[in-house]
Amino acid sequence: MVQAKTWILLSHFDGFPKHSDFELKTEELPEPKDGEVLLEAVFLSVDPYMRPFSRVRMKEGDVMIGTQVAKVIQSKNPAFPLGSHVVGRCGWRTHTVSGGTDLVPIMPDWPQDVSLSLALGTIGMPGLTALLGIEEVLGLQKGETLLVNAAAGAVGSVVGQIAKIKGCKVVGSAGSDAKVAFLKELGFDGAFNYKTVGSLEEALKTASPEGYDCFFENVGGPFSSVALQQMKNFGRIAVCGSISVYNDTTPQTGPYPQLTMIFKQLKMEGFMQSRWEHKHPESLKRLMGWLKEGKLHSREHITKGFENMPAAFMGLLQGDNVGKAVVAV
């Protein structure tokens, strides 16, 4: 019998998450039946979406939601051979018995010199979010100017790099000078620390006086209100995240964007990458191709130890990470 450690949501978050909202538990797993596999977590993802989704997709006492790279340590399913690796929506747990329905094998030609943790980041859900948001939602064209906020995060850093690959001007906003330096390393045309600029409006105007064709929105709140004023006519906005409001106990109010959207004839669309699941395999191959060519760079913020999952999650929500936040078991 294998013992699995799990982190459960003891109580729904009220404002910013606290250590007391989580509880570490141990459970004994049954032997895998025919068609099942036993998985052992290698890398676990912590992502901003877990904060709002925990409220709508979970009840108190559930294992925290999330994705992991896991190794098959017992197999009674020929689709998942012993010793192979998968990406699975197993939640915050060290071991899982799975029937295989929600497992995706790591691509067969994964390079040996590329960490499997990237299957949770640049060559995973965040990379897909960046690529599909740019191509399917924004329809970004060569020569256009793109603004991305939370630009040093798992999604934003890939958004900026793909936009550069496509021949665009890219301006990124981030929350520390170290993050701004990272954006400049990645080749962003403009980057600024939104916490230290005197005026967000002036910073956006200085970085691109002619305005912005596209805006990849990860933050929401007051940043969004100011950014919409800097859009060109017929600008497009892809709404991927709204991390500035995730921990609010009282909903933020106004200013409201409708008049700006009418006068500038803007198009704003919310999205999740799962809408284009049929495009995932081909999209992951493209991302891996850019990585191998040196056109796409990945940075990770790795926390060691399954016992540190809550701390890694809370650190992510307060902006401690540069690049993708991952927990290594």
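Not measured: the values here are computed from a predicted model.

### A closer look at the pattern of salt bridges
Throughout the structure, instances matching the rule amount to 16 salt bridges. Here Lys-164 and Asp-189 are joined by a salt bridge, their closest N and O atoms 2.9 Å apart. Highlighted residues: Lys-164 in helix α3 (residues 156-165) and Asp-189 in the loop between α4 (177-185) and β10 (190-193), separated in sequence by 25 residues. A salt bridge links Arg-299 to Glu-185, with the shortest nitrogen-to-oxygen separation between them at 3.2 Å. On the criterion of sequence distance, the pair formed by Arg-299 in the loop between α8 (280-293) and β14 (300-304) and Glu-185 in helix α4 is long-range, its members being 114 residues apart. Exposure remark for Arg-299: the relative accessible area of 33% places this residue in the partly exposed category. Judged by its relative accessible area of 59%, Glu-185 falls in the exposed class.

### As for α4
For α4, the full list of buried residues reads Lys-179, Val-180, Phe-182 and Leu-183. Taken around the axis of α4, the buried residues stretch over an arc of 155°, which confines them to a single face. Away from its buried face by more than 90 degrees, α4 exposes Asp-177, Ala-178, Lys-184 and Glu-185. Where α4 is buried, its residues contact α3, β9 (169-174) and β10. Gly-187 lies just past α4 and shows a positive phi near 100°.

### Focus on helix α5 (residues 200-207)
Among the residues of α5, Leu-200, Ala-203 and Leu-204 are the ones counted as buried. An end-on view of α5 places all buried positions within 95° of arc, on one side of the element. Against β8 (145-148), β10, β11 (212-217) and α6 (221-229) lie the buried residues of α5. Sitting at the head of α5, Ser-199 places a side-chain oxygen 3.4 Å from the backbone nitrogen of Glu-201.

### Here's the deal with the domain arrangement of the protein
How large an interface is tends to be reported as the accessible area lost when its parts come together. Taken domain by domain, the protein comprises domain 1 (2-121 + 298-328) and domain 2 (125-274). When domain 1 packs against domain 2, close to 1400 Å² is buried across both sides, 60% of that on carbon and sulfur atoms. Our enumeration of links across domain 1 and domain 2 arrives at one salt bridge. Residues that form the side of domain 1 that touches domain 2 fall into these classes: 10 nonpolar, five polar and five charged.

### Focus: the environment of Leu-138
Looking at where Leu-138 falls in the secondary structure, it is placed in helix α2 (residues 125-138). The spacing of Leu-138 and Gly-175 is 37 residues in sequence and 24 Å in space, taken between C-alpha atoms. Apart from the residues lying within four places of it in its own chain, the contact partners of Leu-138 are Gly-133, Leu-146, Cys-214, Phe-215, Phe-216, Arg-236, Ile-237 and Ala-238.

### With respect to the side chain of Ser-224
Of note, Ser-224 is situated in helix α6. Looking at Ser-224, the relative accessible area reads 13%, which means it is buried. With sequence-adjacent residues up to four places away left out, Ser-224 is seen in contact with Phe-215 and Glu-217.

### Considerations on the packing of aromatic side chains
Considering all chains together, one arrives at nine aromatic pairs under this definition. Here Trp-92 and Phe-313 contribute two aromatic rings whose centre-to-centre distance is 5.7 Å and whose plane-to-plane angle is 75°, an arrangement assigned as edge-to-face. One end of the pair, Trp-92, is in the loop between β5 (85-88) and β6 (95-98); the other, Phe-313, is in helix α9 (residues 309-317), with 221 residues separating them in the sequence. Residue Phe-313 is classed as buried on the basis of its relative accessible area of 0%. The interplanar angle of 35° and the centroid separation of 6.2 Å between the aromatic rings of Phe-215 and Phe-223 together place this pair among those described as tilted. Residue classification places Phe-223 among the buried residues on the basis of a relative accessible area of 8%. By way of ring pairs, the aromatic residues Phe-13, Phe-22, Trp-92 and Phe-313 are connected into one cluster.

### Overview of the UniProt feature "domain: Enoyl reductase (ER)" (unreviewed entry) in the protein
In the UniProt entry, the feature "domain: Enoyl reductase (ER)" (unreviewed entry) is given for residues 15-327. The span residues 15-327 is 28% helical and 25% strand by assignment, and the distance between its end C-alpha atoms comes to 23 Å.

How each quantity is defined
Here, residues in each chain are numbered from 1, in the same order as that chain's written sequence. Per-residue local features of the predicted model are confined to residues with pLDDT of at least 70, and side-chain atom pairs are confined, for both listing and counting, to 80 or more; whole-chain, interface and lining totals are unaffected and use all residues. Only hydrogens and water are set aside; all other atoms, that is, all heavy atoms of the structure, feed into the side-chain values. Salt bridges are defined by distance alone: a side-chain nitrogen of Lys or Arg within 4 Å of a carboxyl oxygen of Asp or Glu. Helix and strand labels come from DSSP, where a helix needs a run of H or I of at least four residues and a strand needs a run of E of at least two; each type is numbered from the N terminus. We call a residue buried when its accessible area falls under 20% of the maximum for its residue type, exposed when it is over 50%, and partly exposed in between, using a 1.4 Å probe and counting protein chains only. The directions considered for the arc run from the helix axis to the C-beta atoms. Residues count as neighbours in contact if any of their non-hydrogen atoms are within 4.5 Å of one another. Pairing of N or O atoms within 3.5 Å defines a polar contact, subject to two protein rules: one partner must be a possible hydrogen donor and the other a possible acceptor, and residues neighboring in sequence count only if both atoms are side-chain atoms. Those domain boundaries reflect an automatic or database domain assignment. Buried area is a sum: the accessible area each of two parts loses on coming together, probed at 1.4 Å, counted once for each and added. Note on residue categories: nonpolar means Ala, Val, Leu, Ile, Met, Phe, Trp, Tyr, Cys or Pro, charged means Asp, Glu, Lys or Arg, and polar means any other residue, Gly included. Two aromatic rings from Phe, Tyr or Trp, using only the six-membered ring of Trp, form a pair when their centres are within 6.5 Å; if the ring planes differ by under 30 degrees the pair is stacked, by over 60 it is edge-to-face, and anything between is tilted. UniProt positions are given in the numbering used here, feature names are shortened, and annotations may be inferred rather than shown by experiment.

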